[in-house]
Every structure is written in structure tokens, then in C-alpha cells.
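Structural overview
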Amino acid sequence: MPMTPAPTRRTSPQAEIRQDPSAVSEGRLLISDLLGIVEQYLDPEEVKNVYQAYLFGAEVHEGQVRRSGEAYIFHPLSVAQILADMRLDSRSIMAALLHDVIEDTTTAKDELSSQFGKDVAQLVDGVSKIDQIEFDSREHAEAENFRKMLLAMAKDIRVILIKLADRLHNMRTLGALKTEKRKRIAAQTLDIFAPIANRLGMRTWTLELEDLSFCHLYPKRYDTIRKELKKRRGNHRAIIEKIIVKFESELAEAGLEGSVEGREKNIYSVYRKMRSRRVPMSEMRDIFAIRIIVRTVDDCYRVLGVIHNTYKPVPGKFKDYIAIPKANGYQSLHTLLFGTFGQSIEVQVRTTEMHRTAETGVASHWRYKSGTDKHRAPIPAHHWLVDLLDTQKQAGNPSEFLEHLKIDLYPDEVYVFTPHGDIKKLPKGSSALDFAYAVHSDVGNHCIGARINNEPVPLHHTVVNGDHVEVLTARSAIPTPLWLNYVVTAKARAAIRDFLKHQQEGDAGKLGRQLLERALKSVGLKTRLRTDQKIQLLKHIGLEDWNELLVDIGMGRRLPMVVARQLLPGASGTDAARAEPLPIRGVEGMSVSYARCCRPIPGDAIVGLFSRGRGIVIHRPICPNVREQSKRPDAWIGVEWSDDVKTTFEADIRLEVINRRGVFATLASVIAEEDSNINHVLVTARDDRNSAIRFTIEVGDRKHLARIIRRLRARRSVIRISRSRG
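Another point: the state of the cysteines. Cysteine pairs can be covalently joined through their sulfur atoms, and such a bond is termed a disulfide. Scanning the entire structure with this criterion turns up zero disulfides. Unpaired in terms of disulfides, Cys-597 finds its nearest cysteine sulfur in Cys-623, a separation of 3.3 Å. Cys-597 gets classed as partly exposed once you look at its relative accessible area, which sits at 26%. Just so you know, Cys-598 is unpaired, no disulfide at all, and the nearest cysteine sulfur is the one on Cys-623, 3.8 Å from it.

What follows covers the environment of Leu-174. As for its position among the elements, Leu-174 is in the loop between helix H10 (158-172) and helix H11 (179-199). In this structure the C-alpha to C-alpha distance between Leu-174 and Leu-212, which are 38 residues apart in sequence, comes to 9.0 Å. Once residues lying within four places of it in the same chain are set aside, the contact partners of Leu-174 are Arg-182, Ile-185 and His-216.

The next thing to look at is a positive patch on the surface. Positive charge collects at one region of the surface, where Arg-67, Lys-178, Lys-181 and Arg-184 lie side by side. Relative to the helices and strands, Lys-181 resides in helix H11. On the basis of relative accessible area, Lys-181 is assigned to the partly exposed category, the value being 33%.

Turning next to the packing of H10 against H11. Between H10 and H11, the least distance of the axes is 11 Å, while the angle of their chain directions is 145 degrees. Taken as a pair, H10 and H11 cross one another with a handedness that is left-handed. Of the residues in H11, those in contact with Ile-160, Lys-163, Leu-164, Arg-167 and Met-171 of H10 are Ile-185, Ala-186, Gln-188, Thr-189, Phe-193, Ile-196 and Ala-197. Of the residues assigned to the contact of H10 with H11, the class counts are eight nonpolar, two polar and two charged.

Examined against the element boundaries, Ile-616 turns out to sit in strand E13 (residues 615-619). For Ile-616, a relative accessible area of 0% gives the class buried. As for Ile-616 and Ala-595, which are separated by 21 residues in sequence, their C-alpha atoms are 9.9 Å apart.

The rules behind each value
- Residues numbered from 1 in each chain as written.
- Predicted model: local features only at pLDDT ≥ 70, side-chain atom pairs only at ≥ 80, totals over all residues.
- Heavy atoms only, no water.
- Disulfide = S-S within 2.5 Å.
- Buried < 20%, exposed > 50% of the residue type's maximum accessible area, 1.4 Å probe, protein only.
- Helix = DSSP H or I, 4+ residues; strand = E, 2+ residues; numbered from the N terminus.
- Contact = heavy atoms within 4.5 Å.
- Patch = residues over 30% accessible without salt bridge, like charges linked within 9 Å, V, L, I, M, F, W, Y side chains within 5 Å.
- Areas by Shrake-Rupley, 256 points an atom, 1.4 Å probe, with all protein chains shown as cover.
- Salt bridge = Lys/Arg side-chain N within 4 Å of Asp/Glu carboxyl O.
- Lys, Arg positive; Asp, Glu negative; His and termini not counted.
- Charge placed at Lys NZ, Arg CZ, Asp CG, Glu CD.
- Axes fitted to C-alpha atoms, helices over the stretch in contact; angles between N-to-C directions.
- Left-handed = near helix turned anticlockwise from the far one by under 90°.
- Nonpolar A, V, L, I, M, F, W, Y, C, P; charged D, E, K, R; others polar.

Right, dumping it as C-alpha cells:
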């Protein structure tokens with residue numbers, strides 16, 4: 001591990017770096033390599049600060065190793081180098097060197113702030129907080145982590161740059177992990193991190209993350225496409241070089257300066273197009289392309305005229321992303337040409353600045369120098385983040401937000417115009433309703449239709465490139481659940497769900513009030529409760545807000561009769577301690593027991609009967625005792641099982657069997673094999689040949705009982721078997 005003595009002994013960073021022979025032989029990055037990069041664009045004082053951050057990180061990470069066995073410091077050093085290659089500011093480089101010290105060492109944020117400044121400490125803290133939350137499930141954790149990541153991005157976009165660089169180096173060194181974990185991380189990277197890099201305009205990182213993920217997820221497919229690309233590269237080299245020479249000659253003749261280069265699609269992009277088009281690789285015709293980079297926007301359009309005069313363009317395949325940039329800020333002219341070479345080829349034309357933005361995206365905003373006024377993302381990325389934050393506020397839970405995020409990360413865009421001539425970018429397949437929500441949530445919530453190109457259309461009408469869209473609204477219009485079938489954008493789905501949720505809660509509160517008043521009357525209480533009664537009841541059932549209780553009743557989560565009876569004198573107390581509580585939804589605070597006459601189990605239809613001294617007794621509706629109580633419907637309450645029932649219940653089964661030696665032992669063995677206990681047994685001899693056996697056994701639910709009955713019925717000695725009804 002390349003540890004270094006205290007910096008006070010040194011005169012300059014470069015003169016005093018100690019080389020690690022093992023690191024050099026294995027090709028590991030050294031601090032001298034990093035400093036060599038940052039010295040090219042940072043001031044000497046900033047280079048010194050970067051070096052101090054390295055010394056601090058190396059000291060606190062001392063003794064820690066990665067799964068590969070190498071010293072841990074090589075990881076943050078490599079992450080810093082990835083950012084340095086992008087020419088990011090010194091504070092981003094320092095934060096990269098320190099990005100794991102809060103999470104993996106005893107270092108606190110305040111210590112970082114005092115040594116390296118508040119800006120660096122906040123960046124490190126932002127990256128650390130993304131992974132520091134504990135959750136009940138991996139799915140919930142993943143969703144919440146990405147939500148927090150996007151919140152951190154909104155405060156300072158450099159947080160996600162460091163996180164993406166961290167993920168990129170982890171993907172480069174993923175081979176040290178077990179296969180299952182590699183595939184899980186690769187799938188997450190392909191689903192979320194690579195698309196985020198793409199939405200931020202960082203093409204270089206996007207392509208590498210995609211290929212690395214694809215390689216670990218489908219190594220055989222990756223290798224097959226890689227070999228085929230290599231083979232085709234050799235076959236097409238002469239054609240590409242011929243086209244490049246031809247274009248260079250034509251540009252020179254027209255007096256235009258620019259560079260012409262060939263490019264090749266990345267492996268994952270080829271695979272994705274093969275799947276979407278359902279064609280083999282032998283039929284792929286747009287794997288190779290030409291890129292022309294010039295100085296000005298005016299030159300871009302002049303070059304376009306030159307190349308269209310050289311080779312014929314394919315009709316309908318020209319795209320002007322300069323006049324109408326992509327959502328991530330990407331700008332370029334795209335055209336598809338027919339050539340004398342027997343196949344079509346794509347040509348991209350852009351300026352030097354456009355090319356730099358296309359390759360590095362938002363990272364280009366922090367090149368060369370630090371500054372406190374550069375924390376915000378450029379306009380396209382910032383707008384995307386603002387929309388995402390609005391979506392996460394409306395999402396009901398982290399998992400729902402992750403669903404919206406994944407939808408939003410894959411926009412195959414269409415461009416439509418507002419009545420004022422503004423351009424709105426929407427995912428392919430968007431409806432007029434999606435457009436309405438893109439304008440504003442209030443516009444969407446009151447939308448009744450639209451006019452597209454002056455023609456009236458319904459809400460579900462799909463918009464296409466170039467449409468002029470005017471939204472028609474009415475104050476009386478409100479979203480319905482059917483609208484969720486009409487929209488594809490995350491913003492629209494989140495807004496509709498949020499409206500429906502609040503509307504449903506409002507209606508449920510009104511219904512809950514009516515149901516509770518009716519229940520209060522039936523038990524002889526006044527419908528207008530005193531404040532002290534409300535407080536006592538809320539405390540008893542574990543709620544803080546009266547409206548929340550009414551909503552629970554209206555939504556069916558609590559039973560109004562149960563709530564009303566808890567207000568009766570002596571309703572809670574000894575009863576609750578006398579009987580074992582059952583997992584019945586909405587009866588918190590009440591004594592609950594199950595009837596021995598019919599022995600209900602989870603999965604059964606059930607009904608509750610109020611019984612003096614026993615609270616609520618749970619029966620099956622087919623129970624004879626329930627039928628006897630049919631004349632007193634006021635004593636009945638509708639009840640249902642909770643979703644997560646983990647205890648066991650008793651059930652009675654009756655068997656008629658042939659009298660054979662060992663038959664009882666065989667039946668008991670089958671029951672034991674199905675993870676059940678026999679709590680009681682009654683054997684009655686019918687005659688010399690047959691006997692009746694009644695077992696009382698423990699089961700988890702109806703499925704468990706059905707499995708036991710099925711196995712018992714398969715025994716030759718069993719004539720018939722049934723569950724006792726009561």
C-alpha cells in the first residue's frame with residue numbers, strides 16, 4: 001500500500017511520492033499519475049489540496065482491502081482519475097479521493113469540513129448518504145437509495161458525477177465478486193446508472209457502463225458480438241477510409257475546416273438494436289458511421305449541403321438536434337446516406353463544443369476551475385431533475401418512485417409544439433394527456449380533450465413529431481383511474497395517482513364519519529363525541545389524528561362497530577388479557593378469539609360476532625351457531641384476515657378408514673411430514689371393518705390444510721375425508 005509519511009517532511013508532491021513496485025507491475029494507478037493529470041489544468045495550490053486529500057484518505061483507509069486483495073486506497077484513487085480525465089474541478093477530485101471515508105472509516109463530516117472545506121465535506125456526505133439507509137427489503141432499499149441520490153443531485157450535480165465514476169470503477173473491477181452478485185450489480189447498472197449517465201449527456205461513461213454490464217450479464221452473447229464486430233471492422237475499414245478521404249476532399253474544396261472520423265456502435269447498442277428489430281447481426285447495416293466536427297453552427301449546415309451533394313440522403317432519415325436538442329442537451333445533425341459502396345451509412349455533423357458536451361455532458365460545467373456558483377446542472381439536466389423531484393414528492397412510496405424513474409430514463413423522444421410555439425419533449429407513445437401534464441399538473445388534472453393541428457382529439461390520442469397541441473380544460477373535470485391507461489410519462493402517472501389518493505382519502509373520511517355515527521347509535525352512544533373520548537380512543541388504538549381514524553374506517557381498514565364498542569364502559573381491560581389476539585384487520589384494542597365450533601383458519605370466509613365477556617368471536621359463515629344468530633344482525637360485523645398471518649390455528653378433520661394394522665401410525669406420520677402437530681384425536685369404531693377418526697391439527701392456512709388432506713386422501717386405508725364444519 002503506497003502510504004506516505006507526514007506531508008511536513010516534503011517539499012513538493014511530485015518529488016516525494018514513493019513508488020509501489022507491485023502497483024507498477026500490476027498497472028495500478030499511483031498518486032503521481034493522478035497529480036500528473038491534474039497539473040495540466042489546475043493551479044499549483046489546487047494540486048497541493050488534491051495531494052493532501054490523498055494523504056488523508058490513504059491514512060484512514062490503511063489496512064483496508066478490496067475483494068480483489070488490493071489496498072482499498074487504489075479504488076478512490078481510480079475514481080478520482082476518472083473525474084480528472086474529464087477535467088473536473090479540484091473539489092470534485094478531492095471528494096472522489098475521500099468519497100468512502102465517512103461510510104467506511106471513523107471519520108466524521110465535521111473533520112472533513114475543517115480540513116478540506118465545507119464544499120468537499122458536503123460532496124462526500126452526499127455520496128455517502130445514498131448508501132447508509134437500512135430497509136426491510138432489497139427492493140425498498142434500492143428505490144429509496146435512488147430517490148436520495150436524485151435529491152443529492154439537485155443540490156449539487158457533482159454528487160452524481162462522483163457516484164457514477166465510483167460505479168464505473170466498480171464495474172471495471174467486478175470480476176472479483178461472486179457470479180450472483182456480479183449479475184445483480186450489472187443489472188442495476190444497466191437499468192439505472194447507465195441511463196442516468198445518458199440523461200446527463202455523458203456518452204463516454206454511458207457506453208462503457210452498458211458494455212461492462214452486458215459483458216457480466218450475458219458473457220457468451222457479448223463475446224459473440226465482439227468477435228463479429230472485429231471481423232466486420234476489417235471488412236469495412238477500406239470503405240470507411242474511402243468515405244473519409246472523399247469527405248475531406250469535398251470539405252477542402254468548399255473551403256470548410258473540420259475533422260472527419262469513423263465511429264462504431266458499442267456492443268450493447270448493437271445487441272439492443274438486434275433485439276428491437278428482430279434481425280440477426282448479418283442484416284445490421286448501421287453499425288459504422290462517420291462523424292464530422294467543425295467550428296461553428298453555420299459550418300454544420302454548410303457541411304450538410306456538401307455531403308448531400310456527394311451522396312444521396314435517405315428520405316425521412318434526417319434529424320436536426322441542433323435546432324431541437326435532445327432532453328440531455330445533445331446537439332448534432334444526423335443524416336443517412338446512400339453510397340456507391342452498396343449500403344447506407346449514418347453521418348453526424350456537430351461543432352467542437354457540441355462534441356465535448358455529447359461526450360462529457362454535465363461534467364463539462366466543472367472543467368478547469370472550481371467555483372461556488374457552479375453547483376447547478378446545465379438547463380436540460382436541471383429541468384429533468386426538477387421534474388423528477390416533483391414526481392418523487394407525489395409518489396406514494398419509494399418503489400412507486402423507482403417505477404416512475406425507470407419509465408423516465410428511457411425516453412425515445414417526440415417533439416411537439418404548444419400554441420405559443422414552444423417545444424415540449426415527450427417519450428415516444430405519449431398521449432395528449434401526457435402533453436397536458438407536461439405543461440402543468442393543474443392543466444392535466446382538468447383536461448377534457450385536446451386539439452392537434454386544429455383537429456379535436458380524445459385524451460388518449462398519441463402525439464407524433466411536429467404536432468401542434470392545444471389542451472382543452474374544464475374546472476369540473478378531474479382525473480379518473482382510467483387515465484392511468486392513457487399516459488406513459490412518469491410525471492403524468494405520479495400526478496394522477498397523487499390526485500386520486502387525496503380524493504379517495506377525502507371521500508373515505510366522509511364515509512368513515514357516517515359509518516361510525518351509525519355504529520355509535522347501534523350501541524346506544526351519542527354520535528357527537530366529546531374531545532376527551534376522542535383522545536382516549538385514539539390513544540387506545542395507537543393513532544394521533546381523528547381524521548386518520550375516519551379514513552381508516554371509510555377505507556375498510558378498521559371496523560366501525562369495533563371502534564364504537566371500544567367507547568363502551570369496560571370495553572377494554574380484562575377482556576383483552578383474557579383471550580389470545582388473532583391477526584384480524586381493524587380490531588386493534590379489542591379482545592378477539594376464534595370459535596371452537598367451526599375453527600376458522602386464514603383463507604376461510606369469516607364473520608365476527610360480539611359476545612359478552614369474550615369480545616369478538618370469529619366464526620365461519622357456514623357455522624350452525626352463526627345461523628342461530630341470524631335474527632340479531634346488529635351483533636355481526638364484517639371482518640377479514642390480515643395480509644401477514646404467521647401464527648398457527650387448529651382445524652378439525654374427519655376420516656373414515658379401513659381397520660388395518662398400523663393405520664393410525666401411518667396417518668399420524670403423514671401429518672407430521674407436512675409440518676403439523678396433532679393436538680387431539682378421537683377414534684370411534686363403526687363396525688369390525690371401519691372406524692371414524694377425528695383429528696384436531698395445527699395448520700397455517702387453508703393451503704396448508706388442503707395439502708394435508710390431499711396426502712391423507714391418497715392413502716389406501718382412507719375411505720373418505722372431510723373438514724368438520726361445526
